[in-house]
Amino acid sequence: QVQLVESGGGLVQAGESLTLSCVASGTINSVSRMGWYRQNPSNQRELVATLTDDGGSDYGEAVEGRFTISRDGLLHKIYLQMNNLKPEDTGTYFCKFEGRLFGLDSRPFSSWGQGTQVTVAS
C-alpha cells in the first residue's frame, strides 16, 4: 500500500556530514508524520527525528543540535542532514511513514522502509 525507499547512507569519518533521503510512494491520502529511527549494533531502535504534517519536529536527545529533518514541498519525501557525525551514530537508519491511505478504510496506517546503513569511523 505504501513503500519507503531510503538512500544516502555510507562510510564517513568522525566529524563529517551525510544526508539521507526517503521517498514514500503508494495510495497515500494524507501524511500525519514522517521521520527517521535508527537501530544500533545492540538491536535497539531509537527516535532520531520526526516531522509532522503541520511542520513540527521532534529530535532524539543524542542528535539534538547536530541533525536536521526537512520535507520536500511537493513530494512525500524527507531528508535528514547529519552534521558532526560521531562513531556512536553508527547504525541502520529507517524511514517511517504515518498517515492515511485511499480506500474504504481510512484508519491511520504506518509503514517502515528497508533501512540504510551509516558507519562512522573512529
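A brief structural summary.

Parameters and conventions
Residues numbered from 1 in each chain as written. Predicted model: local features only at pLDDT ≥ 70, side-chain atom pairs only at ≥ 80, totals over all residues. Heavy atoms only, no water. Helix = DSSP H or I, 4+ residues; strand = E, 2+ residues; numbered from the N terminus. Disulfide = S-S within 2.5 Å. Buried < 20%, exposed > 50% of the residue type's maximum accessible area, 1.4 Å probe, protein only. Phe/Tyr/Trp six-rings, centres within 6.5 Å; stacked < 30°, edge-to-face > 60°. Lys NZ or Arg CZ within 6 Å of the ring centre and 35° of its normal.

Describing the environment of Ala-62
Thinking step 1. Relative to the helices and strands, Ala-62 resides in the loop between β6 (57-59) and β7 (67-71).
Thinking step 2. Each C-alpha atom, one on Ala-62 and one on Val-2, is 29 Å from the other, the two residues being 60 residues apart in sequence.

Focus: the state of the cysteines
Thinking step 1. Under the definition given, this model contains one disulfide.
Thinking step 2. In this model Cys-22 forms its disulfide with Cys-95; the gap between the sulfur atoms is 2.0 Å. Disulfide Cys-22-Cys-95: torsion about the S-S bond near -85°, hence left-handed. One end of the pair, Cys-22, is in strand β3 (residues 18-26); the other, Cys-95, is in strand β9 (residues 91-101), and 73 residues separate them in sequence. We note that Cys-22, like Cys-95, is buried.

With respect to the packing of aromatic side chains
Thinking step 1. According to the stated counting rule, one finds two aromatic pairs in the structure shown.
Thinking step 2. Ring centres of Tyr-37 and Trp-112 lie 5.2 Å apart, and the angle between their planes is 65°; on these two criteria the pair is classed as edge-to-face. Of the two residues, Tyr-37 is situated in strand β4 (residues 28-39) and Trp-112 in strand β10 (residues 109-112); the sequence distance between them amounts to 75 residues.
Thinking step 3. A relative accessible area of 14% means that Tyr-37 is categorised as buried.
Thinking step 4. Assessed through its relative accessible area of 33%, Trp-112 is described here as partly exposed.
Thinking step 5. With a centroid separation of 6.5 Å and an interplanar angle of 85°, the aromatic rings of Phe-94 and Trp-112 are classed as edge-to-face. Taken together, the residues span a long stretch of sequence, with Phe-94 in strand β9 and Trp-112 in strand β10 at a distance of 18 residues.
Thinking step 6. Chaining the aromatic ring pairs together yields one cluster made of Tyr-37, Phe-94 and Trp-112.
Thinking step 7. Note that Arg-45 overlies the ring of Phe-94, its terminal NZ or CZ placed 4.0 Å from the centroid.

Thoughts on unusual backbone geometry
Thinking step 1. Positive phi, close to 65°, is recorded for Asn-43, a residue that is not glycine.
Thinking step 2. Within the secondary structure, Asn-43 is located in the loop between β4 and β5 (45-52).
Thinking step 3. The backbone phi angle of Asn-84 is positive, close to 50°, even though this residue is not glycine.

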